[in-house]
Amino acid sequence: GFEKFKNGNEEDISVILKYINRGIELSKFLDGVVIEEGEEEDGSVRDFINNARRFKAAVVGYAEEKEYDFSGMGAHEMDEVVLSATIEANKALNLLIEDIHSDIQKASEVMNEEFKKSQIISLVGVGMGVVAGLMTSLFLARALSKPIRELEEGTQKLAHGELDYRVKVESTDEIGRLGNSFN
């Protein structure tokens, strides 16, 4: 757009200014700051914004100069401003990209650590569930096998002639009813 404008197509200035303004607004959004006109601050995004504003001022100045002075005396100066602003903008954008990449790397590392922690917590939970299941199984196995062993013992004593032996019945479930039947 700037080359067309420089070569005489004045309608392109509004397009150039629109893109410069969009770049400034996007940069403000990315940096999360609002820089007042003329304020100089450190930082790659701030440098980009300041250079974009400088370029915008140069474009407007060039357009006004071209309107009143057809000699094109400001074209060389405009080229220098554009070149300088472009170099500085590229530097600022490269720094911004590096900052964003670094932030993404850090976030990725944090996510990996959190994922590892959640895996460990899950494994501990599963392990505790397995231990609780085994303990419950052992408790139930003993609770069921004790009355059965007593019935077996009673059957052995009955087989050896101890007809007055009685099995101790402590429940009213199926095994308790079996013990009552045995007695």
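For the structure, see preceding data.
Keep in mind it's a predicted model, so treat the numbers as computed, not measured. (Residues numbered from 1 in each chain as written. Predicted model: local features only at pLDDT ≥ 70, side-chain atom pairs only at ≥ 80, totals over all residues. Heavy atoms only, no water.)

Caption draft 1: Fine view of the overall build of the protein chain. Per the secondary structure count, the protein chain includes five helices and zero strands. Going residue by residue from the N terminus, the α and β elements of the protein chain occur as α-α-α-α-α. For the protein chain, buried positions account for 23% of its 183 residues. If you take every contact in the protein chain between residues at least 6 apart in sequence, the share linking residues at least 24 apart comes to 53%. When the accessible area of the protein chain is evaluated, it comes to approximately 13,500 Å², of which 60% is carbon and sulfur surface. (Helix = DSSP H or I, 4+ residues; strand = E, 2+ residues; numbered from the N terminus. Buried < 20%, exposed > 50% of the residue type's maximum accessible area, 1.4 Å probe, protein only. Contact = heavy atoms within 4.5 Å. Areas by Shrake-Rupley, 256 points an atom, 1.4 Å probe, with all protein chains shown as cover.)

Caption draft 2: Structural view of the pattern of salt bridges. One pass over the structure, following the stated rule, counts three salt bridges. In this structure, Glu114 engages Lys117 in a salt bridge whose closest nitrogen and oxygen atoms are separated by 3.6 Å. One end of the pair is Glu114 and the other is Lys117, both in helix 4 (residues 75–159) and three residues apart, which spans about a single turn. By relative accessible area, Glu114 is classed as partly exposed at 44%. (Salt bridge = Lys/Arg side-chain N within 4 Å of Asp/Glu carboxyl O.)

Caption draft 3: Region of interest: the environment of Leu151. Checked against the element boundaries, Leu151 lands in helix 4. Judged by its relative accessible area of 10%, Leu151 is buried. It is 9.2 Å that separates the C-alpha atoms of Leu151 and Ile175, two residues lying 24 residues apart in sequence. Non-local contacts of Leu151, meaning those with residues more than four positions away in its chain, are made with Val167, Leu178, Gly179 and Phe182.

Caption draft 4: Representation of the side chain of Glu150 within the structure. In this fold, Glu150 is placed in helix 4. Despite its burial, Glu150 pairs with no opposite charge; the closest candidate is Lys146, at 4.5 Å N-O. The contacts of Glu150, once residues within four sequence positions are left out, are Val167 and Lys168. (Lys, Arg positive; Asp, Glu negative; His and termini not counted.)

Caption draft 5: Layout of helix 5 (residues 174–182). Looking at helix 5, one finds that the buried residues are Ile175, Gly176 and Gly179. Angular distribution of buried residues about the axis of helix 5 spans 100 degrees; they occupy a single face of the element. Set apart from the buried face of helix 5 by more than 90 degrees, the exposed residues are Glu174 and Ser181. (Arc of directions from axis to C-beta.)

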